[in-house]
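# Secondary and tertiary structure notes
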Amino acid sequence: MKHELSSSKKIPLAGAVMLFAFAILLRSGSAQTPHKSDAGTGVQISVQQELVRIETGFFEAWKTKDQTYFREHMPENGIFWGESGAVSRDQRLAELQASAKTCTVEGYGLSDFGALPLAAGAYLLTYKAEQYATCNGEKVPVHLNGSSIYIFKAGHWQAIYRAEVPLKNPN
């Protein structure tokens, strides 16, 4: 006698199987390095600290007009997403070169970091930023939300995707 699952039982079973597979994937990705993990997120503290350090470096590089930092920490196929849409790493470097002539960055602050393991060697880092800068004589939006997807490539972490979204109502 052949038993068939009713359609009402197939959906929860398929969902449970996918959830189990996703949990295995996350566990295998986060168990590769023997560092202490954050109890809330399961992210290795040393990985999160390194990603925060690199992300902060992007803001410092913008302030000091250091394109080399961007070149070293974004792979050639990296993408940046902002107010003007998605741009390639080379397009972003050209924008930074132009802004170096017209922008003055007085300071910045980053807070509320969160890190989420996506797969082995891949993390999503989120944060809030305050930036105090003027470009072409106009102040840039102070508050923004940012996110970056980091991959471990060629022996170090690189931001393959970076996004910054200005907040209209920061409260």
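Residues numbered from 1 in each chain as written. Predicted model: local features only at pLDDT ≥ 70, side-chain atom pairs only at ≥ 80, totals over all residues. Heavy atoms only, no water.

## Some thoughts on the overall build of the protein chain
To keep things clear, this is the line we draw: Here a strand is any run of E in DSSP of at least two residues, a helix any run of H or I of at least four, and the numbering for each starts at the N terminus. Only protein chains enter the accessibility calculation, which uses a 1.4 Å probe. A residue is then buried if its area is under 20% of the maximum for its type, exposed if over 50%, and partly exposed in between. Whether two residues are in contact is decided by their heavy atoms: any pair within 4.5 Å suffices.
Helix and strand counts for the protein chain stand at four helices and seven strands. Across the protein chain, helices and strands are ordered from the amino to the carboxyl terminus as α-α-α-β-β-α-β-β-β-β-β. Buried positions account for 33% of the 171 residues belonging to the protein chain. Contacts spanning at least 24 positions in sequence make up 51% of the contacts within the protein chain whose residues lie at least 6 apart.

## A look at unusual backbone geometry
Its identity is not glycine, yet D112 carries a phi of approximately 55 degrees, on the positive side. Checked against the element boundaries, D112 lands in strand β3 (residues 103–119). For D112, a relative accessible area of 53% puts it in the exposed group. Positive phi, close to 55 degrees, is recorded for N136, a residue that is not glycine. When you line up the elements, N136 lands in the loop between β4 (122–135) and β5 (138–139).

## With respect to the pairing of β3
Operational definition: When DSSP locates at least two bridges between a pair of strands, those strands are taken to pair.
Where β3 lies against β4, 13 bridges are found, and the strand directions are antiparallel. Its bridge partner being in β4, A115 is matched across the sheet by L125. Between β3 and the antiparallel strand that follows it, β4, lie two residues; G121 among them carries a positive phi value of about 75 degrees.

## What to know about the state of the cysteines
This is how it is decided: In what follows, a disulfide is any cysteine sulfur pair within 2.5 Å.
What the rule picks out here adds up to one disulfide. Residue C103 pairs covalently with C135 via a disulfide, S to S 1.9 Å. Between C103 and C135 the disulfide shows an S-S torsion of about 115 degrees. By sign, it is right-handed. In this pair, C103 is assigned in strand β3 and C135 in strand β4, connecting sequence segments 32 residues apart. We note that C103, like C135, is buried.

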